[in-house]
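Each chain, written out:
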Amino acid sequence: MHWTQTAKWASTLALVLLLGCPKPPDGPRFMGAGHNEAQHGGTFVFHHESTVKSLDPHMAFDELSNMAIKLMFDGLLDYDNETNMVPMLAKSLPSISDDGKTFIFELRKGIRFHNGRALTAHDVRWSMEHMLDPDVGSPGFTFYTQLQGVDAYREKKTKHISGITVKDNYTIEFQLTEPDQTFLNAMAMTFAYPVPKEVYEKYPMAVSQHIFGTGAFKLQEWESGVKLVFGRNKDYWDKPRPYPDTMVYLENLTRDAAMMRFRNGELDHAHRFAPADYLFLKNSSKWAPYRAEYADINLWGVVMNCGMPPFNNVHLRRAVSFALDREGWKKARNNRLRVTDQPIPPPLLGYDPELKGRQTYDIAKAKEEMRLAGYPEGLPEEVDMWIGHGNTGRFYGELTQQDLAKIGIKIRLKPVAFALYLEETGKPNRVPMMMSGWSQDFPDPADFLDILFHSRAIHEHDSENRSFYRNPKLDALLDKGRIEQDKEKRRVLYLRASEILAQDAPWAFMWNDLKTEAWQPYVKGYTPHPVWSEMYRDVWLDLPRRRIAQAARRFKESFFALLGPLHKGNN
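Remember, it's a predicted structure, so these values are computed and weren't measured experimentally.

1. So, the sheet that holds strand β2 (residues 43–47)
Phase 1: Across the sheet, which stays open at both edges, the 4 strands sit in the order β2-β11-β10-β9 with mixed pairing between neighbours. Every interior strand has two partners, whereas the edge strands, β2 and β9 (217–223), have only one. Taken pair by pair, the neighbouring strands of this sheet meet at an average axis angle of 20°, ignoring direction.
Phase 2: Alignment of strand β10 (residues 227–232) against strand β11 (residues 246–250), held across 5 bridges, turns out to be antiparallel. By the bridge assignment for β11, Phe230 is matched with Met247.
Phase 3: In this fold helix α2 (residues 63–72) packs onto β2, β9, β10 and β11, with an angle of close to 170° to the strand it touches most, β11.

2. Here's the deal with the packing of aromatic side chains
Phase 1: Inspection of the entire model under this criterion finds 30 aromatic pairs.
Phase 2: Seen in terms of ring centroids, Phe143 and Tyr144 are 6.4 Å apart; in terms of plane orientation they differ by 70°. Their pairing is edge-to-face. Like Tyr144, Phe143 is buried.
Phase 3: Ring geometry for Trp329 versus Tyr396: centroids 5.8 Å apart, planes at 25°, classification stacked.

3. Some points on unusual backbone geometry
Phase 1: Cis geometry is adopted by the peptide bond preceding Pro310, which originates at Pro309 and carries an omega value of 5°.
Phase 2: Inspection of the secondary structure puts Pro310 in the loop between β14 (298–304) and α9 (314–323).
Phase 3: Look at the link from Pro346 to Pro347: it is a cis peptide, with omega at 10°.
Phase 4: When you line up the elements, Pro347 lands in the loop between β15 (337–339) and α11 (363–373).
Phase 5: If you check the backbone angles, Asn334 has positive phi at about 60° while not being a glycine.

Cut-offs and rules
Residue numbering note: each chain is counted from 1, following its sequence as written. Under the rules for a predicted model, residues below a pLDDT of 70 receive no local features and side-chain atom pairs below 80 are neither given nor counted, while totals for whole chains, interfaces and linings still include all residues. To obtain the side-chain values, all non-hydrogen atoms of the structure were used and water was disregarded. Note on pairing: DSSP must find at least two bridges between two strands before they are called paired. Strands are runs of DSSP state E lasting at least 2 residues, helices are runs of H or I lasting at least 4, and numbering of each runs from the N terminus. Interaxial angles span 0 to 180 degrees and are taken between N-to-C directions of axes, which are lines fitted to C-alpha atoms, for helices over the stretch in contact. The contact rule is simple, with two residues in contact once any of their heavy atoms fall within 4.5 Å. Aromatic pairing here means that ring centres of Phe, Tyr or Trp (its six-membered ring) are within 6.5 Å. Orientation follows from the plane angle: under 30 degrees is stacked, over 60 is edge-to-face, and everything else is tilted. Throughout, exposure labels follow a simple rule: accessible area from a 1.4 Å probe, protein chains only, divided by the maximum for the residue type, with under 20% read as buried, over 50% as exposed, and the rest as partly exposed.

Structure representation (C-alpha cells):
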C-alpha cells in the first residue's frame, strides 16, 4: 500500500515536471476592495534589480538610493505631478529679491525628525554647511557654488557660509553671488534635505545605518543586498499621509524574478522588464488599466574616459560615436528606446532635432576617424568596458562589441555590481569605457550638461563627470547658461554647448528611455512622477484585497485537469 501511494505521487510529480509548472495568471490575481477614499494600512512591496549604495541624502547620488531616501526625508521644496515647484518643509515658496540673488524661506512649525526633535532653521543651515564641507566629500556641492561665501568656507577660511543667515528659528535667508536659474531646483534636491546634527556627530562613519529624517516613513531594517523595511511615521506633518503601515524595498531582484512575483501578486509595483515580459504587458488587455508607458527624461550612452588612453584621442571617440547603430539597438530592444544623438533630452530647453554636428550612425565616417586617430587597422589591444551585472547590461555590452568590431575596436566586457560601478567609475584613470545613464534631478538642461560635462564635476572620488572631459570653452558656456535670465539667450548657449559635446564625443549619445511601469489593481495613488523615479510617497492600498475568483477558479480547474485520473483515484 505504501509503495502504491508512493508510486502514485511519483507519477503525479513526473507528470507535473513533464508538462511544466503552472503558468502565472494572464491578468491580475488580486483586486482591491473598491474604496474611493484613501485607506491606511497594509504593506507595499517594491523592488530594484541592484543594491542601494547609501541612505545618507548628502552623499547618495543615484536612482536606487533616492527611491529610499525620498520615503524618509523631505526637503524645503519639491515638485508636484505637473512639474510645478511646491513647498514641503517650507510654508510657501520663498520670497525672492528683485535682483534674483536673495531667497527667504519660512519653515513650517511643528515638524519633527524621527528622533523626536523639532526641526528649526538652524538645522537647515547646519545641514547645508555639513553637505558643503569639503571633508564630507558630498558630490552635491557643485549645485550650490553660487552661494555667497561658499568658496571661503570650503577653503576653511570661515566657520560659516556668509550667504546663509538664520533670521529666527523658522526663517532662513540664502544670498547668492549671481542670479542662478537652478538654485531653487538645487534646494529641492536630496543634498539640501535637513538632517539632525546630533546623529551625524554620534555616528560620523555609519550615519547611513542611523537615519532620522522628517519624512513619511522611518527605517526599520536594512539587510544590505536583500531588503529595506520602512515603517509609517505616525507623527508625519502632512497628515493623513502616509498610508501603508510598511514599505518593503527588495534589492537584487532580477527582472525575470520580479515579473514572476509581480504576476503572482507578491510584488505591488514593477518596472524594468525583460523583452518577453515587456511584450506580454504591452499586449495584455487585462493589465492595460494598470500600466503606463512614457518617455523618460534621461540620457543613456557609451561613456569614454577622456583622461585615459586610448580615449584621450578625440578622433577615436568620434569613431565610436559614428560606429554605434542606434536604430539597430532600438529594434533589438523591441522599440523601447527613443534614439538620440545629443546630450540634452527632449523636451528640455536646448534640445534641437536638427542640432549641428549631432552624432549619427555612419561607418564611413567612423573608419575615417579611426584613420585620423592613427589606427586605420583598428586598436591593437582590447578595451575594458564596464557594464551592469544583469542581463540587460550584458545585452548592451554585446551590441557595443558587435558594432565596434566593424571598425577594429575589440571590447572586453566587465560586469560589476552597481555599488562597485558607482565607486570605481567616479575615480580618475580607473575605467576607460562604460555604459551609463543619467536621469534628471530637475527639469533643466543644466542638470545634464553641468553635471556630466563641466570640469567642476571632476573629483578624486564620486565624480559626476565620469568621462573626465575638460573643456574651458564649454565650462564658460555652461556658467553663462546657468545665470542667464533671458530664456532665448539661454537656449542659444545650451545649443552651442551641445554642438561642442556632440563633436568632442566624451559620450556616444544613444537613447532616452521609453519607460514602462505596472502596478497591482489594489495599488492606488500611484502615477509615474515627472521628475523622480518610482516615487511611492502617495501610495495607498485598497484593502482588503480580494482574489479574482474567475482566475482562481480557472487555475484550479486547469490544475486538476492536469492531474486527471490521478486526482480521481485519490478520492
